[in-house]
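Here are the chains, one letter per residue:
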Amino acid sequence: MFWKTTDLHNYPMSGVPVVGRYVARSWSNGSGAAPRGDQRHQPAPAPRPRSPWRIPAFFRRKFEIAQRGGGRVASTAPGESEGGVAVTEEAFKDPPPTLKDPLKDPLRESTSTDPIKDFEATSSPYDEPEIHDVSFREPRYLDLFDPSVSVVRDPKLDQPRPAAKNRARSFFSRTLASIASTRVIIGCSIILVVLVVVIVTLASTTHGVFSIPDPRIQHPYVTTVTTCGLVQGCIEDGAYVFRGLPYAVPPLGKLRFRPAQLQTDLSDCWTGTYVANVTQPCWSYDSQGAIVEGFEDCLLIDIFTPQLGYDSPLPVIVYVGGASLGGDTKRPWLLSKAAVLAKNKRVVVLAPQVRRGLLGFFPHPKLAASTYPHTAGNQGVSDLYTALTWVQHNVEHFGGDPEQVTLLGHQAGAAMAWPLITSPYGHRLIQSAWVTGSVPLHPEVPWREADPKLVESLNCSTVMCLESLPASTVMEAPPLEWRSPQGRSWLVADGIIVPFVPSMPQVPLMIGSTRQAAAHHLLSWQERLGTSQQQLLDAVVDGLRLNEYNYGQPVWSGSPAYIYNNWPGSPEGRQDAWSRYPGSNEERWPQPPRDEDRGSESGSLMPGTAEAEAALDWYADLKDDPWVLLTTLVSDATVTCPALATAASLARTIFQTHPTGSEDVPVYAYLSRHTRVSRAGTLADGLSDVESILGVFQPQTEDDVQYAHTIQDMFFLFINTGSPDWHSATPAHLGVYMIDEKINVERTRLKCEHWTNSSHFIRRF
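About the criteria used
Residues numbered from 1 in each chain as written. Predicted model: local features only at pLDDT ≥ 70, side-chain atom pairs only at ≥ 80, totals over all residues. Heavy atoms only, no water. Helix = DSSP H or I, 4+ residues; strand = E, 2+ residues; numbered from the N terminus. Buried < 20%, exposed > 50% of the residue type's maximum accessible area, 1.4 Å probe, protein only. Contact = heavy atoms within 4.5 Å. Areas by Shrake-Rupley, 256 points an atom, 1.4 Å probe, with all protein chains shown as cover. Polar contact = N/O pair within 3.5 Å; in protein donor to acceptor, adjacent residues only side chain to side chain. Pairing = 2+ DSSP bridges. Disulfide = S-S within 2.5 Å. Phe/Tyr/Trp six-rings, centres within 6.5 Å; stacked < 30°, edge-to-face > 60°. Lys NZ or Arg CZ within 6 Å of the ring centre and 35° of its normal. Expected span 1.5 Å × (residues − 1). Bend = angle between axes of the 7 residues up to and from the residue. Salt bridge = Lys/Arg side-chain N within 4 Å of Asp/Glu carboxyl O.

A. Local environment of the overall build of the chain. Scanning the chain from terminus to terminus reveals 20 helices and 21 strands. Among the 765 residues that make up the chain, the fraction classed as buried is 47%. Taking the contacts inside the chain whose residues are at least 6 apart along the sequence as the reference set, 76% of them involve residues at least 24 apart. By element, 56% of the accessible surface of the chain is carried by carbon and sulfur atoms, the whole surface being about 39,200 Å².

Here you go:
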């Protein structure tokens, strides 16, 4: 087999569309023109000698073509090539099947009874027809392997390579051409991504530029729904505010001294839309014990929320406070920035009102006899319990998360919250609790043993008489010692709302106080102290209530003071047992004298002066400022040290019960030490922490600003995570969070070691 490469000068290639390396093939005569007529084929050249290594003819021909340059074939019209057969792209395709009989399709199932005859009648699709004239036929794929056909080289392959600039331009053109096919796909993908981002952004924004107006919002009013019907609020400071929304049946008539009841009947609800834009205050007492007029129908709740949607519920804060269980005069001030707080911190703030004074805490036996189970008292605590239940049912309509509720209790509010925190059902209503300004202790006085002065103050012997008295008469009945903020305790153990037996916290708990938490209750002594030592002693005696008849009565039967005062044996045996009591020594507060020993006290202007002198010696480092000394001493004895000790005891008990931390109910403690200038002086007064949390703290220095941000950030971290620290939080039995401009953890407070056995000084609500 012989292949002849033709001379390119004899075969001009102009006008031939070239798509490959080789454009035409000629016959082997080398004349450049195919013979016409009968001289279409020349005799084949003599075959080469056979090699001992025989290669199949097909691969041998392909191999020889590759040796002579190899490559693809050009595409020309039939007959346009000079001196050869034009090989087009169609030559590389299989020829269409030509059937002698159209009915005989080789791909169809045979209908003949003779398969051999049927096969002979069907022509093969690979039969090559005889070439009669090159001018009037299409070249075939088998022509590529015809030994009489020579290959003509594409002259473009012999042209010089383009310059670097042209190569770069060619490369750029090829690059653009390569991505041209995907340009539309890429553009569509980008447009789709942009549309998705825009849709998500608009959907997550309540007041988007292109968002559909919310029909519930008709500025300046806003409407939502509750379990009792539609309610209308207003828009304030960029938040939605609903004031005075009923959460329970009005406690009027036969419900006056009864526990609060949810609105479970249609007759308890309203028709139409309830306008919630004002709050009716409850009857209460002020800081001097005077009556503050109000309404009996006051079981209302104020709500501040930044949204009304259901798709992304927010954390919920339920605030309850009060300087005493008789009154809450600071409530309007503490909630004055609640709308701004809700908007900036993205939380829902709720503040329920509860009954105060004798209308809210009246343990009369006639009331207990007319109900079942037979119990009385703590009506105000039942109001808080009912409000939390209402929150679980309705807070989602105000954009809140019913599974992320934090109870914020301050002073008397913390005292009311404690029975709910330790209740076995408490974790169903709240998920965490933050109490400040109060010692979380369980009342052990049962309702049957309530003080007769309080029970008999109304002088009524029937329930009808109690229910028919005017509200002003009811509020005027208690003695002044109950009506003042520093008065007697209102809480009793009723066995239902406040159980007789205390239990452990059921939710994560933070217990806190300020360094001078009792300052506001000692304001009457601020101007009278001067420099007289005797006046300071009298102020300490009055602040610790050492001159009262009930001084020395313990608050729980298991306390060391109770054991000391109720020792069954002789005084010598009592003193010997006390000296062997674990942790007792002369550096701690001396135990109070028994009632029969009070008459022997002499040499003092006031009872308890000797004990006050001992206490002043422990705070000698503060003697340069008598006001700071008095407020710090009284606060440590009545609030701060007992609160920190209680928190440490609870945390230690939980740790010993569940050392692996399987029960997620940690207890933490903090002490606010930052001083500010206020009505009480330059002190860390009892309102500085809660004012900072609720956003009404008024900073005067950069340190004030830093302190407010520090404690507020700590609080909102706690309500979101249940922990006051981003890292490993410190339980109360291992340390106390000391809050100033920064937060530090200290093992204990040294001054509190002196008040280890002073549980009888704890302020009770």
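B. A look at the side chain of Thr305. Inspection of the secondary structure assignment puts Thr305 in strand S11 (residues 300–305). For Thr305, a relative accessible area of 0% gives the class buried. Within the structure, Thr305 has its side chain in polar contact with the backbone oxygen of Gln307 (distance 2.7 Å). Beyond its immediate sequence surroundings of up to four residues, Thr305 is in contact with Ala239, Tyr240, Ala342, Val347, Val348 and Phe398.

C. Representation of the pairing of strand S14 (residues 400–410). Burial of S14 is extensive: ten of the eleven residues sit out of reach of the surface. As paired elements, strand S12 (residues 314–320) and S14 share six bridges and run parallel to each other. By the bridge assignment for S14, Val316 is matched with Val405. When S14 meets strand S15 (residues 432–436), the two strands line up parallel, connected through five bridges. The residue bridging His410 from the neighbouring strand is Thr436, located in S15.

D. Just the state of the cysteines, in detail. In this structure the tally under the stated criterion is four disulfides. Two residues, Cys460 and Cys465, share a disulfide whose sulfurs are 2.0 Å apart. Every disulfide takes its handedness from the sign of the S-S torsion; for Cys460 and Cys465 that torsion is -40°, giving left-handed. Residue classification places Cys460 among the buried positions, given a relative accessible area of 10%. What makes Cys465 partly exposed here is its relative accessible area of 22%. With a sulfur-sulfur separation of 2.1 Å, Cys641 is cross-linked through a disulfide to Cys752. Here the disulfide of Cys641 and Cys752 is left-handed, its torsion about the S-S bond being about -80°. Here the residue Cys641 occupies a position in helix H18 (residues 626–657), and Cys752 occupies one in the segment after strand S21 (743–746), the gap between them amounting to 111 residues.

E. Region of interest: the side chain of Thr640. With respect to the helices and strands, the residue Thr640 is situated in helix H18. Apart from residues lying up to four places away in sequence, Thr640 is in contact with Ser513, Thr514, Arg515, Ser635, Leu671 and Arg749.

F. Spotlight on the environment of Ser513. For Ser513, the location among the structural elements is in strand S16 (residues 509–514). The exposure class assigned to Ser513 is buried, which follows from its relative accessible area of 1%. Setting aside chain neighbours within four positions, we find Ser513 in contact with Thr436, Gly437, Val639, Thr640, Tyr670, Leu671 and Ser672. Polar contacts involving the side chain of Ser513 include one to the side chain of Thr640, which spans 3.3 Å.

G. Broad picture of unusual backbone geometry. That bond from His219 to Pro220 is cis: its omega, 5°, falls within 30 degrees of zero. The peptide bond linking Tyr372 to Pro373 adopts the cis configuration, its omega dihedral lying at -5°. In this structure, Pro373 sits in the loop between helix H6 (365–369) and helix H7 (379–394). Despite not being glycine, Arg346 has its phi angle at roughly 55°, a positive value. Tracing the sequence through the fold places Arg346 in the loop between helix H5 (338–345) and strand S13 (348–352). The phi torsion at Asn459 lies on the positive side, around 60°, for a residue other than glycine. Structurally, Asn459 can be placed in the loop between helix H10 (452–455) and helix H11 (463–468). Accessibility expressed as a relative area gives 73% for Asn459, which makes it exposed.

H. Up close: the packing of aromatic side chains. For the structure shown, the criterion picks out twelve aromatic pairs. Aromatic side chains Phe715 and Phe716 sit 5.2 Å apart centroid to centroid with 80° between the ring planes, which places their arrangement in the edge-to-face category. Note on accessibility: Phe715 and Phe716 belong to one class, buried. In this structure, Arg528 packs its charged tip against the face of Trp525, placed 3.9 Å from the ring centre. Lying over the aromatic face of Tyr619, Lys751 brings its terminal NZ or CZ to 4.8 Å of the ring centre.

I. Inspection of H18 at higher detail. With 32 residues, H18 extends 44 Å from end C-alpha to end C-alpha; this agrees with the ideal 46 Å at 1.5 Å per step. Where H18 bends most, at Asp636, the angle is about 60°.

J. The pattern of salt bridges, seen in detail. Evaluated as defined, the whole model comprises 13 salt bridges. Arg331 serves as the salt-bridge partner of Asp302, at 3.3 Å between the closest nitrogen and oxygen. Of this pair, Asp302 sits in strand S11 while Arg331 is found in helix H4 (residues 331–334), placing the two residues 29 residues apart along the sequence. Per residue, the accessibility class of Asp302 equals that of Arg331, and both read buried. Between Asp713 and Lys345 there is a salt bridge, with its nearest N and O atoms 3.9 Å apart. Of this pair, Asp713 sits in helix H20 (residues 702–721) while Lys345 sits in helix H5, and the two are 368 residues apart along the sequence. Owing to a relative accessible area of 31%, Lys345 belongs among the partly exposed residues under this scheme. What you see here is one network of salt bridges that share partners, running through Asp451, Glu481 and Arg488.

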